[in-house]
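# Coordinate analysis (summary)
So the chains spell out like this:
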Amino acid sequence: MKFYSTQDYSHKSDLKSAVLKGLAPGNGLFMPEAIPTLGADFWNRLDSMTLGEIGYETLRPYFCPDIEEQDFKLLCEDAFNFPIPLVKVSDKISSLELFHGPTLAFKDIGARFLARVMARFTTKGDKPINVLVATSGDTGSAVANGFLGVEGVNVVVLYPKGLVSHVQEMQFTTLGQNITAIEIDGTFDDCQRLVKTAFMDEDLCKQLILTSANSINLARFLPQMVYYFYAVAQIPAQQRKNAVICVPSGNFGNLTAGLIAQKMGLPIKRFVAATNVNDIVPQFLVSGEYKPAPSISTVANAMDVGDPSNFIRVRELFDHNIDDMRRDLKTEVITDATIHTTIKSVFENQKYILDPHGAVAYRALEHQLVGEELGVFLATAHPAKFPDVVEAEIKQSVEQPARLKEFMKGTKAVDNLSTEYDKFKTFLQKTEKFS
Ligand SMILES: *Cc1c(COP(=O)(O)O)cnc(C)c1O
């Protein structure tokens, strides 16, 4: 499979260079040149397949034979190694719990897969590969933990000072080894800009091998397809055509993966994209104009994105036809006040504990369901990652899973930088292990 650039249709990269470059030529994003559909044979066996097997069969067209088939099978089994249960919350709504991985967030899935793909592309004795990640919370911890101890690869996490939760911060600032954390005196968008500027800095790219692990990297968002198939496998076959899946969206990588799964044949009725008040995409569907804006901070902070980097992929999948997009994709904007009341009422009525991001998706789904439809929302983070917000609503403490307690015992080690690009560049050039 070759991958083209959303900014240059004539450009074609192979898997290795697309994964290591992250960003495509002309500041575009890589997209697969073809999206194959899955045959009847796959659908007949789906119910009895493990997550690892689904991963292998659905991702193989994109990753093999660049990665050898048998090796890729092992890679999938190793990457998709934790449960993703579909849990009933009410008669009509179920939660796809994506938060049972190492950092209790859905980004573990993409990050674990990406780390294992990149490790296949490094050779002993070469210059190290340096993965730059801007995070508004969960990406940093998932990527850092996914890559921890992987030889030949360093991870540099940039995060906005004071804008991620304490629990999130401890998960990527206490690891040491090949992981470096930098707090930036600015917003998530500033962090993302620093990373993007570094990737486009030809001078720096001559000295250091830089790559991305944000959801702009195709080996991070593509594996997220897997749980859409796995969710459908857990719904009785005759009900699948009534399923509506709601995706709490920030950079829209998760939704992109769902739409690709749909093109491969995922038999659902439709997707709903739910956002917090950072409503760039919902506004786009209304006005037809894409207007990025500075991000606004909310309690669902992993979705505080003012210029969603993967939305161009969504537009590409709709062939830039806004009427089709309006017909097939519904959006919903949820305020902080509604997030709070949703966490409270779902706990009181259903005894289910939502995290703020899951709450956005739950409420949006509830608004959108009609008639016989069955709703599935993606629960993207464990509620224990946001104890302040959640406990205030449910009036009791959320039990911390053991994995999280371990992180809290670690020692935080960070560097601090301003939003000035030159300072960041010098930092990268002067740190010995990066070159
Ligand atoms: C990153 C994140 C999202 C948003 O996912 P996108 O792929 O960026 O749209 C939602 N919820 C949580 C908990 C996240 O960490």
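So, how was this worked out
- Residues numbered from 1 in each chain as written.
- Predicted model: local features only at pLDDT ≥ 70, side-chain atom pairs only at ≥ 80, totals over all residues.
- Heavy atoms only, no water.
- Near = heavy atom within 4 Å.
- Polar contact = N/O pair within 3.5 Å; in protein donor to acceptor, adjacent residues only side chain to side chain.
- Areas by Shrake-Rupley, 256 points an atom, 1.4 Å probe, with all protein chains shown as cover.
- Nonpolar A, V, L, I, M, F, W, Y, C, P; charged D, E, K, R; others polar.
- Buried < 20%, exposed > 50% of the residue type's maximum accessible area, 1.4 Å probe, protein only.
- Helix = DSSP H or I, 4+ residues; strand = E, 2+ residues; numbered from the N terminus.
- Pairing = 2+ DSSP bridges.
- Contact = heavy atoms within 4.5 Å.
- Disulfide = S-S within 2.5 Å.
- Salt bridge = Lys/Arg side-chain N within 4 Å of Asp/Glu carboxyl O.
- Right-handed = clockwise from strand over helix to strand, strands pointing away.

This part takes up the site of the ligand. Lining the immediate surroundings of the ligand are 15 residues, of which Lys-107, Gly-250, Asn-251, Phe-252 and Thr-380 lie closest. Residue Gly-250 places a main-chain N or O atom 2.7 Å away from an oxygen atom belonging to the ligand. One nitrogen or oxygen atom from the main chain of Gly-253 is found 3.2 Å from an oxygen atom belonging to the ligand. Starting from 380 Å² of accessible surface for the ligand in isolation, the protein chains cover 97%. Per-class residue counts for the shell around the ligand are 6 nonpolar, 7 polar and 2 charged.

Let's shift gears to the pairing of strand β4 (residues 28-32). The buried fraction of β4 amounts to 5 of the 5 residues, a majority that puts the element mostly inside the structure. Across 3 bridges, strand β1 (residues 3-5) lies against β4 in antiparallel orientation. What sits directly across from Tyr-4, in β4, is Met-31. For strand β3 (residues 23-24) and β4, the ladder comprises 2 bridges, and the chain directions are antiparallel. Opposite Ala-24, over in β4, you have Gly-28 as the bridge partner.

Structurally, Gln-400 is set in the loop between α18 (387-394) and α19 (402-408). Taking the relative accessible area as the measure of exposure, Gln-400 reaches 23% and is therefore partly exposed. Contact partners of Gln-400, with chain neighbours within four places excluded, come to Ala-384, Lys-405 and Met-408.

Under the definition given, this model contains 0 disulfides. We note that Cys-76 lacks a disulfide partner, and the nearest cysteine sulfur, in Cys-64, lies 7.7 Å from it. Taking relative accessible area as the criterion, Cys-76 reaches 0% and is therefore assigned buried.

Turning to helix α7 (residues 166-173), a few remarks are in order. The buried count for α7 comes to 7 of 8 residues, which makes it a mostly enclosed element. Along α7, the residues that are buried comprise Val-167, Gln-168, Glu-169, Met-170, Gln-171, Phe-172 and Thr-173. In this fold, the buried residues of α7 make contact with α6 (138-147), β8 (153-160), β9 (179-184), α18 and α19.

A word on the pattern of salt bridges. By the definition in use, this model includes 21 salt bridges. A salt bridge links Arg-45 to Asp-41; the nearest nitrogen and oxygen atoms lie 3.0 Å apart. Residue Arg-45 and its partner Asp-41 are both found in helix α2 (residues 40-45); the two are separated by 4 residues, about one turn of the helix. Its relative accessible area of 49% is what places Asp-41 among the partly exposed residues. Where Glu-69 meets Arg-60, a salt bridge forms, and the shortest distance between an N and an O atom there is 3.7 Å. Residue classification places Arg-60 among the partly exposed positions, given a relative accessible area of 29%. When salt bridges that share partners are traced, they join Asp-41, Arg-45 and Glu-57 into one network.

This part covers the environment of Ala-24. As for its position among the elements, Ala-24 is in strand β3. Here Ala-24 falls in the buried class, since its relative accessible area comes to 4%. In the structure, Ala-24 is positioned 182 residues away from Lys-206 in sequence and 17 Å away in space, judged by C-alpha atoms. Not counting residues up to four positions away in its chain, the partners in contact with Ala-24 are Ser-5, Leu-29 and Phe-30.

This part is about the pairing of strand β12 (residues 270-275). For β12, a buried count of 6 out of 6 residues is recorded, marking the element as mostly surrounded by other parts of the structure. Alternating residues of β12 divide into Arg-270, Val-272 and Ala-274 and Phe-271, Ala-273 and Thr-275, and every residue in both groups is buried. Judged from the 5 bridges that link them, strand β11 (residues 243-248) and β12 form a sheet pairing that is parallel. Along β12, the bridge assignment pairs Ile-245 with Phe-271. Handedness of the β11-helix α12 (residues 253-263)-β12 crossover: right-handed.

Our next topic: the sheet that holds β4. Strands sit in the order β2-β1-β4-β3 across an open sheet of 4 strands; the sheet is antiparallel. The open sheet is flanked by β2 (8-13) and β3, the only strands paired with a single partner. Relative to β2, β1 runs antiparallel, the two being bridged by 3 bridges. Each bridged residue has a counterpart across the sheet, and for Tyr-4 the counterpart in β2 is Lys-12.

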